Every structure is written in structure tokens, then in C-alpha cells.
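Observations on the model geometry
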Amino acid sequence: MITRIMTYIRKHPIRFFTAKLLLLIVVIVLLDFSLGSLFRYLYFHQKKGELYRITYAMEQSNEDLIVYGSSRADHHYHPEIFKKRLQLSFFNTGLEGEHIFFQYALLKGTLKRFTPKVVILDFTAGEFKKDRESYDRISNLLPYYDNHPEIRSILELRGPYEKYKLLSKLYPYNSEFIQVARNVMATRQTKEDDTEGYFPLYGITH
């Protein structure tokens, strides 16, 4: 049997190489689909942490007043003050290090479902500068590319080949593995578990 196989390989090297290449492609595609599907399931079954807050903002938020911004919004807009003074339900989508592209995408995801009564956008002048980091940081939204066509044009700003990279099922999660695993496995509440999107800071600054 082995002799016959070796004889076939010598007679038809191109066919043999093509068959091996096709087999390799099939294996890669199956691995990509399987691992991508697993991480997608884990990602969208998180119940805490920053990534869960993004999912909530994109797909579930329905509050009267929603805050958008980066770390300053995240740490400075206390929900109880707004709810007590304005008598409005409240959610804070602020996320550290995320600037105007990220906030715009979240807002588009929200407006696709409903229109809040009040929107607060907390931003700094530097957020409007052309900065490669601003494009790179919206990678946190890659898991939403398939189900949220309203934000695809924003995500494709990351590069001319981004929409082709996103044909991979695993690619959207390749920077989130550790954080997703930690959030899914965590069973104990910590001080980092926010309230209505608000993430207080503790300690003393000088």
C-alpha cells in the first residue's frame, strides 16, 4: 500500500500537493469556524465587565438618559444624582480609552432600536485629531460586525482589508480571549462591578 502511494506521488506530484493544500485549507476553515463559534458563545454570555457593558449598550439599553464618552464619562457621571434630580432612568456607556469612533458606533446601535430622551456626549478636543490609535481601539466592537450592519462602515475604517479579515469567525475575538475567559469564570462580585455603567474610582489623588 505504501509503495503504491509513493509511486502515485512520484507520478503526480502536483495533484498530491494540491490535495494536501486543499486538506490544509479545510482544516483551517473548520478550526476557525469551531473556535470562533465557541468564543462568540462565551462572549455574548458574559454577565459582567466592560465587554458585557458594550453588549448591553448595543443591544439592550433602553434608558431615558444615556451617557457616551471615555474614562471621564465612565468615572464621573453618578447614576443616582441624575435619576433623583431628573426622574429619568440612566445608563453610562463610558469606557476607558475609547474615543469618538467608538461612541458614535454605540450611539448608532442604540438609535437603531430606540431614541433616548437625553444623550450626553462627554469628549475632549483631542478626540477629533486624526490618530491611528483611535482606529485601533474600536477593535472592541469587532464582535458586533455581523449582526450590526449600521456600524460596519466605522469598523472598516481600521484598514482597507478589515472586511476581508472579518470573514474569519475567530478574528473578532483574538484580543479578547483572556478577558472573556475571566468574566465567564468569575463567580465573585468585586468593586469593579459597575452600577448602571458607572465605574467609581477609589483612593486619594494628590
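The structure this text deals with has already been given above.
Note that the structure is a prediction, hence the values are computed from the model and not measured.

**A look at the sheet that holds strand β3 (residues 118-122)**
The sheet built from 3 strands is open, its strands ordered β2-β1-β3 with parallel pairing. Of all strands in the sheet, those bounded by a partner on one side alone are β2 (90-92) and β3. Averaged over all pairs of adjacent strands, the angle between strand axes in this sheet comes to 15°, irrespective of strand direction. In the packing of helix α5 (residues 79-86) onto the sheet, the strands contacted are β1 (65-69), β2 and β3, and the crossing angle to β2 comes to about 150°.

**Regarding the pairing of β1**
For β1, a buried count of 5 out of 5 residues is recorded, marking the element as mostly surrounded by other parts of the structure. Alternating residues of β1 divide into L65, V67 and G69 and I66 and Y68, and every residue in both groups is buried. As paired strands, β1 and β2 are joined by 3 bridges and run parallel to one another. Across the sheet, residue V67 finds its bridge partner in β2, namely N92.

**Examining the packing of helix α3 (residues 49-59) against helix α6 (residues 100-113)**
Relative orientation of the contacting elements α3 and α6 amounts to 45°, with a least axis distance of 7 Å. The pairing of α3 with α6 is recorded here as oblique in orientation. Note on element contacts: α6 touches α3 through F102, A105, L106, G109, T110 and R113, opposite I54, Y56, A57, M58 and E59. Each residue belonging to the contact of α3 with α6 can be placed in one class, and the counts come to 7 nonpolar, 2 polar and 2 charged.

**Quick notes on the pattern of salt bridges**
Evaluation of the coordinates by the stated rule reveals 7 salt bridges. Across the pair K112 and E150 runs a salt bridge, and its minimum N-O distance is 3.4 Å. One end of the pair, K112, is in helix α6; the other, E150, is in the loop between α7 (132-137) and α8 (152-155), with 38 residues separating them in the sequence. We classify E150 as buried; its relative accessible area is 15%. As a salt-bridge pair, D146 and K169 come within 3.7 Å of each other at their nearest N and O atoms. Taken together, the residues span a long stretch of sequence, with D146 in the loop between α7 and α8 and K169 in the loop between α9 (162-165) and α10 (177-185) at a distance of 23 residues.

Calculation notes
Residues numbered from 1 in each chain as written. Predicted model: local features only at pLDDT ≥ 70, side-chain atom pairs only at ≥ 80, totals over all residues. Heavy atoms only, no water. Pairing = 2+ DSSP bridges. Helix = DSSP H or I, 4+ residues; strand = E, 2+ residues; numbered from the N terminus. Axes fitted to C-alpha atoms, helices over the stretch in contact; angles between N-to-C directions. Contact = heavy atoms within 4.5 Å. Buried < 20%, exposed > 50% of the residue type's maximum accessible area, 1.4 Å probe, protein only. Parallel < 35°, antiparallel > 145°, perpendicular 65-115°, else oblique. Nonpolar A, V, L, I, M, F, W, Y, C, P; charged D, E, K, R; others polar. Salt bridge = Lys/Arg side-chain N within 4 Å of Asp/Glu carboxyl O.

This is a description of form; function is not addressed.
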